[in-house]
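Letter by letter, the chains look like this.
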Amino acid sequence: MSSIPRFVLRLSLLLLAAPVWAQETPPAPALPKGVEALEAETSRKMDELLAAAEKFRGLKAKRPVAAGSVGAQGVKDKMRETMRTQLPPETLKSVEVSLKAFGFIPEKMDLGRYYVELMGSQVAGFYDPEADYMALVRPSGKGSDDPLAEMVDMVLVHELTHALQDQHFDLSKFEGDDPMADAGTARGALVEGDATLTMMSFMLGLNIETLPGFDRIMDSMMKSPEALFEASPDLPGTKELAAAPVWIRENLLFGYIQGMVFSLSTRSKGGQKLLDYAFTTDPPRSTEQILHPEKWHSRRDDPVAFRLPDLGAELPGYRKAAEGEMGELSVRILLREGLRKQVQADAAAAGWGGDRFAVYEKGSGRIVVWVTEWDTEEDAREALAALRSLRDGWRAEAAGPRRVLVTRGALKGERLEAVRVRLAAVTAERPANKDLDLAAIGAEPPKMDEEGLKKMLDSPVVKEGLEDLSKANEEKPEGAISRDGRSYKNRGLGFSIALPEGTEEWSLEDAPEGGQALLMIFSPDQKARVTVIHQALPGQVPAEEMGGMLELGMKTMVPGYNRLRGEMVEKGDARVMENWFEAAPDGTRWIGVMRFYLRASEVFGVLAMAPADSWPEHEKATLDVLNTFTLEPKRGKP
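As the structure is a computational prediction, the values presented were derived from the model and not from experiment.

Analysis parameters
- Residues numbered from 1 in each chain as written.
- Predicted model: local features only at pLDDT ≥ 70, side-chain atom pairs only at ≥ 80, totals over all residues.
- Heavy atoms only, no water.
- Helix = DSSP H or I, 4+ residues; strand = E, 2+ residues; numbered from the N terminus.
- Buried < 20%, exposed > 50% of the residue type's maximum accessible area, 1.4 Å probe, protein only.
- Contact = heavy atoms within 4.5 Å.
- Areas by Shrake-Rupley, 256 points an atom, 1.4 Å probe, with all protein chains shown as cover.
- Expected span 1.5 Å × (residues − 1).
- Bend = angle between axes of the 7 residues up to and from the residue.
- Pairing = 2+ DSSP bridges.
- Axes fitted to C-alpha atoms, helices over the stretch in contact; angles between N-to-C directions.
- Parallel < 35°, antiparallel > 145°, perpendicular 65-115°, else oblique.
- Nonpolar A, V, L, I, M, F, W, Y, C, P; charged D, E, K, R; others polar.
- Salt bridge = Lys/Arg side-chain N within 4 Å of Asp/Glu carboxyl O.
- Left-handed = near helix turned anticlockwise from the far one by under 90°.
- Phe/Tyr/Trp six-rings, centres within 6.5 Å; stacked < 30°, edge-to-face > 60°.
- Lys NZ or Arg CZ within 6 Å of the ring centre and 35° of its normal.
- pLDDT = per-residue confidence, 0-100.

**Focus on the overall build of the chain**
Line of reasoning, step 1. Of regular secondary structure, the chain possesses 22 helices and 20 strands.
Line of reasoning, step 2. Within the chain, the fraction of its 638 residues that count as buried is 56%.
Line of reasoning, step 3. Put simply, of all contacts in the chain between residues at least 6 apart along the chain, 70% involve residues at least 24 apart.
Line of reasoning, step 4. For the chain, the accessible area works out to roughly 28,400 Å², and carbon and sulfur atoms hold 50% of it.

This is the structure:
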C-alpha cells in the first residue's frame, strides 16, 4: 500500500528539527502567496548550501531555486491542498477502507484529518515541484538561541536536493495513477532516500558511499527505527510519531531510512551513474527492492503482477470499496503484529513475489480477498505458516505451489469455495528479471576516500558521536587476573585469554584506567605485546560487513599503516576478521596482527605487535597468546 507515501512525495518529512527564522523578512515576490522570504542571513547561505547539495549529489542546478518559510498553519494548509489534489475524497476513502480492513488503523479514525495533524507536527520543510519553490517551517515559541537551529543547513540541503532532482528528473513522473501501488512507495523511497543520503554526506563532509561496506553497516543499524525515538526523544514530532499507528509510522520512516540505505547501496555498487539510472530509466519497482537493494542492482527480482477478477457474482450484495497491493513492507508489518517476532516475520515476508487484494463491503460488513505469490515453494510454505498466525478473522490457505490465498470476513461455505476457485485461477504475469548491465550504464564503484574520512573524523558531528560512544564505554564490567597470573577472565563482558606453555616469563597487566584497552600482555623484554580492546557499537553488524571500515579505520589512525594481508578466519564458534599489517607508530617499523570479534552490538579487538626486527623471535609465542582469546557467555560481574 503506498497511498500515503505517494502524496507525501511533495512534502518532505524530516524528523530532525525545525529551523529558526527572524520575525521580519525581506519581500520575495517570486514566492507564492503565504510563503515569506527567508531572513537575510539564511538567504545568503542559500548559494553556499546549493553548492554543497550539488557537490554531494553530483548534479548541477539548471536554474535558481526560490525558497521561503511558512508557519505551522501554512504547512497544514499545504497538506490539505496536496491531499485534495493527490487524493480526492473518493480515493482517500478507499485508502482508509484498505487500512481499516487490514487492521492497520482504528475503525473510528478519520484518516485525512489525523494525517494532516500528524504531519503538521513532523514536517520541517517541503519542496513543491509544481510551483518550483521550497519552504521551511517557522516554529512557534522558539528563539534565536534554540539549540536545534543548527539543523537548518541540513534541512536546506535535503530540500535543495529535491529541487535538483526535479530539475534533472522531473518529480512529477514519479507519481503513479494507482494510489495503492507498491511501486509508488518504492519510487517515493528513491526520491526521499536520495535526498537523505545527500544530507548525511553533507553533514559528515564526504560522500559516504566511498566508505567500503558502509551501505551494509547502515542497513544493519537501521533494522529498528524505534531506536531513533530513543536516541532523539526531544526532537519535534517524535512523541507524535511514536504514538502513531505502526503502519503509518513505518511507512513514513521507510522512505527516509530504507530509501537512504537503497540509495547508498546503489551508489556503493555503481556510483552516481547507477543512481541516476534509477531516476531516469529504471526506478525500483517494489518495496522489496528498497528493502533488499541487491534485488534491483545485482540479482534482479521484479514483482509478479496480478489482475483480480470482479467478484460481484460470487459476493452478491457486496460492492468493491478498495483494491491495491501490500508489498513486502506492509506484509512484514502485518506479520510482525501477528507473530510478535520481528526476525521471524521479516524472514517470512522476504519471500514475497507479488500480491493483489480487494476489499468488498455490504452495510457494516467487510470482506478482504488477497492473492499472494511467493518466490519459491519453500517461501510459500513459510509464508502460509506465518499468515496462519494472524488473528481476528484471517484465513490463509495454499492455492497453488507458490500461491497463498488469504481472506478475512464472513466468507465461508459455497461462497468461499466460489471465491477460492476464481482466485486460484488468476494468472500471474512473471517478469523477465534481466540483471543490469553495469558496464553499459557506465556504472562502477566509487574509490575509497581516505582524505575525506580523515576530515570526517575531525568534524564536530563525528567527534560528538565518538564522545557519546566513549562515555557509553567508560563503565565496563571489571575482569580479574588469576592468582597464578597466567590467565584473565571478564565474566561481565564474556571473554577470557591466557598465557599458554612457552610463555612462562610473559606478564598480564590490567590496562591503565580511562583507556579503551582492557588488558595488556607483554613479553619478558617488553617488546612484544598483546592488547585487548572492547567497544560498543551503535548497531548489530556482521563481521563480514565491517572488514572495509575496520581496514579504513586502521589506515587512518595508525601512522605508517600498510596492510599485508587479511581474511576471515574461524575461531571456535566465531568468525573473525584478521588483518596482518606493518606500521611505524614511533618512526620504527612494527609488525602487527589485529583480530576483530563481533558479537551483537559490540566488537572486541585483539592486537598483537612487535618491532619488525624482534618479530621473528616473538612471533610463535605472540600468536599462541592471541589464539587463547575466547568469547564466552556473559554472566554478570566476576
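Moving on, there is more to tell.
**Structural notes on helix H11 (residues 246-280)**
Line of reasoning, step 1. A rise of 1.5 Å per residue sets the reference length of H11, with its 35 residues, at 51 Å; its end C-alpha atoms lie only 33 Å apart and thus fall more than 12% short of the reference.
Line of reasoning, step 2. At glycine 270, H11 shows its maximal kink, close to 125°.
Line of reasoning, step 3. The element H11 is largely enclosed, with a buried count of 29 among its 35 residues.

**So, the sheet that holds strand S4 (residues 133-137)**
Line of reasoning, step 1. Strand order in the open sheet made by the four strands is S1-S2-S4-S3, with mixed pairing throughout. Both edges of this open sheet fall to strand S1 (36-37) and strand S3 (125-128), since each of them pairs with a single strand only.
Line of reasoning, step 2. Looking at chain direction, S3 and S4 are connected through four bridges and run antiparallel. Bridge assignment links phenylalanine 126 to a residue of S4, and that residue is alanine 135.
Line of reasoning, step 3. Sheet strands in contact with helix H3 (residues 72-86) are strand S2 (66-70), S3 and S4, and its direction is about 110° off that of S2.

**Regarding the environment of threonine 91**
Line of reasoning, step 1. Of note, threonine 91 is situated in helix H4 (residues 89-101).
Line of reasoning, step 2. Taking the relative accessible area as the measure of exposure, threonine 91 reaches 22% and is therefore partly exposed.
Line of reasoning, step 3. As for threonine 91 and aspartate 178, which are separated by 87 residues in sequence, their C-alpha atoms are 9.7 Å apart.

**Brief notes about helix H22 (residues 615-626)**
Line of reasoning, step 1. Its 12 residues place the ends of H22 only 14 Å apart at the C-alpha level, less than the 16 Å of an ideal helix rising 1.5 Å per residue.
Line of reasoning, step 2. Considered for burial, the residues of H22 that qualify are Trp615, His618, Ala621, Thr622, Leu623, Val625 and Leu626.

**Side note on the sheet that holds strand S20 (residues 630-631)**
Line of reasoning, step 1. The sheet built from four strands is open, its strands ordered S10-S11-S12-S20 with antiparallel pairing. Each edge of the open sheet is held by one strand with a lone partner, namely strand S10 (480-481) and S20.
Line of reasoning, step 2. Bridge count between S10 and strand S11 (residues 487-490): two bridges; the pairing is antiparallel. Counted as the bridge partner of isoleucine 481 is tyrosine 488 from S11.

**Focus: the pairing of strand S7 (residues 365-374)**
Line of reasoning, step 1. Counting buried positions along S7 yields eight of 10 residues, so the element is predominantly enclosed.
Line of reasoning, step 2. The pairing of strand S6 (residues 352-362) with S7 spans 10 bridges and is antiparallel. Looking across to S7, one finds that aspartate 355 is bridged to threonine 372.
Line of reasoning, step 3. Adjacent in sequence and paired antiparallel, S6 and S7 are bridged by two residues, among which glycine 363 carries a positive phi angle near 65°.
Line of reasoning, step 4. With six bridges joining them, S7 and strand S9 (residues 403-408) adopt antiparallel strand pairing. Each bridged residue has a counterpart across the sheet, and for glutamate 373 the counterpart in S9 is arginine 403.

**A few points about unusual backbone geometry**
Line of reasoning, step 1. The backbone of aspartate 170 sits at a positive phi, close to 60°, despite the residue not being glycine.
Line of reasoning, step 2. Summarising the element assignment, aspartate 170 is placed in the loop between helix H6 (152-169) and helix H7 (182-204).
Line of reasoning, step 3. Even without a glycine there, the phi angle at aspartate 392 is positive, about 60°.
Line of reasoning, step 4. Mapped onto the elements, aspartate 392 comes out in the loop between helix H16 (377-387) and strand S8 (394-400).

**Thoughts on the packing of helix H2 (residues 40-57) against H7**
Line of reasoning, step 1. Their axes nearest at 9 Å, the elements H2 and H7 cross at an angle of 110°. In terms of their interaxial angle, H2 and H7 are classed as roughly perpendicular. Residue-level inspection shows Leu49, Ala52, Ala53, Phe56 and Arg57 of H2 in contact with H7, the latter providing Asp194, Thr198, Ser201 and Phe202.
Line of reasoning, step 2. Within the contact of H2 with H7, the residues separate by chemical class into five nonpolar, two polar and two charged.

**So, the pattern of salt bridges**
A side chain with one charge can pair with a side chain of the opposite charge if their charged atoms come near.
Line of reasoning, step 1. Counted under the stated rule, the structure contains 35 salt bridges.
Line of reasoning, step 2. The partner of lysine 78 in a salt bridge is aspartate 128, with the nearest N and O atoms 2.4 Å apart. Separated by 50 residues along the polypeptide, lysine 78 in helix H3 and aspartate 128 in strand S3 bring together distant segments of the chain. Exposure class is identical for lysine 78 and aspartate 128. Each is buried.
Line of reasoning, step 3. Residues aspartate 302 and arginine 285 are paired through a salt bridge, measuring 3.3 Å at the closest nitrogen-oxygen approach. Of this pair, aspartate 302 sits in the loop between helix H13 (294-297) and strand S5 (319-324) while arginine 285 sits in the loop between H11 and helix H12 (287-291), placing them 17 residues apart in sequence.

**A short note on the packing of H2 against H6**
Line of reasoning, step 1. Closest axis-to-axis distance for the H2/H6 pair is 9 Å, and the angle between their directions is 60°. Looking at the two axes, H2 sits oblique to H6. The element H2 and its partner H6 pack so that their crossing is right-handed. Contacts between H2 and H6 pair Thr42, Lys45, Met46, Leu49, Leu50, Ala53, Glu54 and Arg57 from the former with Asp153, Leu156, Val157, Leu160, Thr161, Leu164 and Phe169 from the latter.
Line of reasoning, step 2. Among the residues forming the contact of H2 with H6, the class breakdown is nine nonpolar, two polar and four charged.

**Quick word on the packing of aromatic side chains**
Two aromatic rings, taken as a pair, are described by how far apart their centres are and by the angle between their planes.
Line of reasoning, step 1. Overall, the coordinates contain 18 aromatic pairs when judged by the stated rule.
Line of reasoning, step 2. With centroids separated by 6.4 Å and ring planes inclined at 65°, the aromatic side chains of tryptophan 370 and tryptophan 394 adopt a geometry described as edge-to-face. Of this pair, tryptophan 370 sits in strand S7 while tryptophan 394 sits in strand S8, and the two are 24 residues apart along the sequence.
Line of reasoning, step 3. With a relative accessible area of 12%, tryptophan 394 lands in the buried category.
Line of reasoning, step 4. Summarising the aromatic geometry, the rings of phenylalanine 604 and phenylalanine 629 are spaced 5.9 Å apart at their centres and angled 55° between planes, so their arrangement reads as tilted. Taken as a pair, phenylalanine 604 in strand S19 (residues 602-611) and phenylalanine 629 in the loop between H22 and S20 lie far apart in primary sequence, 25 residues in all.
Line of reasoning, step 5. What makes phenylalanine 604 buried here is its relative accessible area of 0%.
Line of reasoning, step 6. Here phenylalanine 629 falls in the buried class, since its relative accessible area comes to 5%.
Line of reasoning, step 7. Taken together, the ring pairs in this structure connect Phe102, Phe104, Trp247, Phe357, Trp370 and Trp394 into an aromatic cluster.
Line of reasoning, step 8. The positively charged end of arginine 565 is found above the aromatic ring belonging to tryptophan 580, 4.1 Å away from the centroid.

**Here we look at the confidence of the model for the chain**
Line of reasoning, step 1. Mean pLDDT over the chain works out to 82, with 80% of the residues at or above the 70 mark.
Line of reasoning, step 2. This stretch, residues 142-148, has a pLDDT under 50; its non-local contacts, to residues over four places away or in other chains, come to seven contacts.

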